[in-house]
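Next come the chains, spelled out residue by residue.
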Amino acid sequence: MDNLTILKIGGSVITDKNKEETARRSQMQRISKEIAKAKSQKINLILIHGAGSFGHIQAKKFDLNNSFDPKGVLLTHNAVKDLNGIFLDFLSKEDLSVAPIHPMSCTVLKGGIITSIFIEQIKLMLKSDIIPVLHGDVVFDLEGGVRILSGDQIVTYLAEGMKAKSVGLGSNVDGIMVEGKVVEKITPNVFEDIKHHLGGSENIDVTGGMSGKVNELLKLAKGGISSCIFNASVNNEVERFLSGARMGTLVCGG
Ligand SMILES: Nc1ncnc2c1ncn2[C@@H]1O[C@H](COP(=O)(O)OP(=O)(O)OP(=O)(O)O)[C@@H](O)[C@H]1O
Ligand SMILES: [Mg+2]
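Residues numbered from 1 in each chain as written. Chains lettered and ligands numbered in written order. Predicted model: local features only at pLDDT ≥ 70, side-chain atom pairs only at ≥ 80, totals over all residues. Heavy atoms only, no water.

Draft legend 1. Representation of the overall build of the protein chain in the model. Counting secondary structure elements, the protein chain contains 9 helices and 14 strands. Computed over its C-alpha atoms, the radius of gyration of the protein chain comes to 17 Å, within 12% of the 18 Å expected for a compact globule of 254 residues. Seen through its C-alpha atoms, the protein chain measures out along the principal axes to roughly 45 × 45 × 35 Å. When burial is assessed residue by residue, the protein chain has 52% of its 254 residues classed as buried. Taking contacts inside the protein chain between residues at least 6 apart in sequence as the whole, the part at least 24 apart equals 75%. Carbon together with sulfur atoms contributes 49% to the accessible area of the protein chain, which is approximately 11100 Å² in total. Computing the positive centroid from 29 side-chain charges and the negative centroid from 28, the protein chain places the two 2 Å apart. (Helix = DSSP H or I, 4+ residues; strand = E, 2+ residues; numbered from the N terminus. Rg over C-alpha atoms; globule rule 2.2 N^0.38 Å. Buried < 20%, exposed > 50% of the residue type's maximum accessible area, 1.4 Å probe, protein only. Contact = heavy atoms within 4.5 Å. Areas by Shrake-Rupley, 256 points an atom, 1.4 Å probe, with all protein chains shown as cover. Lys, Arg positive; Asp, Glu negative; His and termini not counted. Charge placed at Lys NZ, Arg CZ, Asp CG, Glu CD.)

Draft legend 2. Structural view of the sheet that holds strand β2 (residues 44-49). If you trace the 8 strands from one edge of the open sheet to the other, you get β3-β6-β2-β1-β9-β13-β14-β12, paired in mixed fashion. The sheet is open, and its two borders are formed by β3 (98-100) and β12 (185-186), each paired with just one other strand. Two elements, β3 and strand β6 (residues 131-135), share 3 bridges in a ladder whose sense is parallel. Bridged to valine 98 within β6 is isoleucine 131. Those strands touched by helix α6 (residues 151-161) are β1 (4-9), β2, β6 and β9 (166-171), and its axis lies near 175° from that of β1. (Pairing = 2+ DSSP bridges. Axes fitted to C-alpha atoms, helices over the stretch in contact; angles between N-to-C directions.)

Draft legend 3. Region of interest: the site of ligand 1. Ligand 1 sits among 25 residues. The nearest are Ser12, Asn172, Ser201, Asp205 and Lys213. At a separation of 3.0 Å, a nitrogen atom of ligand 1 approaches a polar backbone atom of histidine 197. Sorting the residues of the shell around ligand 1 by element identifies α1 (11-14) and α8 (209-222) as the ones contributing at least two each. Element by element, the count of residues in the shell around ligand 1 is highest for α8, at 3 residues. Split by residue class, the shell around ligand 1 holds 6 nonpolar, 14 polar and 5 charged. (Near = heavy atom within 4 Å. Polar contact = N/O pair within 3.5 Å; in protein donor to acceptor, adjacent residues only side chain to side chain. Nonpolar A, V, L, I, M, F, W, Y, C, P; charged D, E, K, R; others polar.)

Draft legend 4. Seen up close, the packing of α6 against α8. At their nearest, the axes of α6 and α8 sit 9 Å apart, and the two run at 5° to each other. As summarised for this structure, α6 and α8 are arranged roughly parallel, according to the angle between their axes. The residues of α8 that touch α6, namely those facing Asp152, Gln153, Thr156, Ala159 and Glu160, are Lys213, Glu216, Lys219 and Leu220. For the contact of α6 with α8, the class distribution of residues is 2 nonpolar, 2 polar and 5 charged. (Parallel < 35°, antiparallel > 145°, perpendicular 65-115°, else oblique.)

Draft legend 5. Expanded view of the pairing of strand β7 (residues 137-140). Inspection of the sheet shows β7 paired to strand β8 (residues 146-149) by 4 bridges, in the antiparallel sense. Counterpart to valine 139 in the pairing with β8 is arginine 147.

Draft legend 6. Main features of the environment of alanine 159. Looking at the element boundaries, alanine 159 is found in helix α6. Not counting chain neighbours up to four residues away, the residues in contact with alanine 159 comprise Ile6, Ala164, Val167, Leu220 and Ile225.

Draft legend 7. Representation of the pattern of salt bridges. Throughout the structure, instances matching the rule amount to 13 salt bridges. The partner of lysine 37 in a salt bridge is glutamate 239, and the shortest N-O contact between them spans 3.8 Å. Taken together, the residues span a long stretch of sequence, with lysine 37 in helix α2 (residues 25-39) and glutamate 239 in helix α9 (residues 237-242) at a distance of 202 residues. Of the residues examined, lysine 37 reaches a relative accessible area of 51% and is grouped as exposed. We classify glutamate 239 as partly exposed; its relative accessible area is 22%. We note a salt bridge from lysine 213 to aspartate 152, for which the minimum N-O separation is 3.3 Å. Here the residue lysine 213 occupies a position in helix α8, and aspartate 152 occupies one in helix α6, the gap between them amounting to 61 residues. No difference in accessibility class separates lysine 213 from aspartate 152, as the two residues are buried. (Salt bridge = Lys/Arg side-chain N within 4 Å of Asp/Glu carboxyl O.)

Draft legend 8. Spotlight on the packing of aromatic side chains. This structure, assessed with the given rule, holds 2 aromatic pairs. Between phenylalanine 68 and phenylalanine 140, the ring centres sit 6.4 Å apart and the planes meet at 70°, which makes this aromatic pair edge-to-face. Here phenylalanine 68 is found in the loop between α3 (56-61) and α4 (70-93), whereas its partner phenylalanine 140 is found in strand β7, with 72 residues between them in sequence. Judged by its relative accessible area of 48%, phenylalanine 68 falls in the partly exposed class. Ring centres of phenylalanine 230 and phenylalanine 241 lie 5.3 Å apart, and the angle between their planes is 20°; this geometry places the pair in the stacked category. (Phe/Tyr/Trp six-rings, centres within 6.5 Å; stacked < 30°, edge-to-face > 60°.)

Now the structure itself:
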């Protein structure tokens, strides 16, 4: 796919991750406006959002990564689907053409790792100038039951499979922080030196927080696709990323 941009907006930005099902509507509205401004430049965009408090809290409550509880599965999936619906409404209000894609219905995992996502409909949406909007989700696993699929894993899989040109992960921090400073660039070598500075999340997070994110992005970097982690909670940063600016921490192969 030519000129493909993949942007993930963290659940840490669009929800309060410590209070169950608390949407940050003003953030979703602001980000939708920024995407609408940048979209006039005719980019092909896939949007992914994290689950925040519409998934992490429920998944933890039902211990979904370790035990199979069909009611908990449905409840968690419905919660993140609700968040997706709220975000889509804000995007649509800015005259963006958007459509939802729920990973539970088109993805298969093996041991928590994606083996396939049915991407044909994503391609068709892009062809019709529609932004597909995916999210972290509860997904069935070939090894039995379900596992939690992070939005970060979806980013890596789609960026590799669809040869994305630009990949950005907006979270609630300015990038990867070491001793109070943003690390400008992370390569597999640099990672070895700083990995002890990478933690999970200060909030409730069942997919490894920053540590899980960087592990995903390093896989992508080894395949030749760079990405950046930036602060999507800050005004204009999403628009700046979509306009091609380099920002936050760059994760690259060398
Ligand atoms: N070295 C580090 N630099 C930056 N953030 C770090 C670091 N170590 C741990 N973190 C934590 O990682 C968090 C970001 O990851 P988190 O998974 O909570 O956000 P997200 O991916 O945006 O949200 P979601 O998983 O809901 O999509 C930060 O808020 C911070 O608490
Ligand atoms: Mg996360």
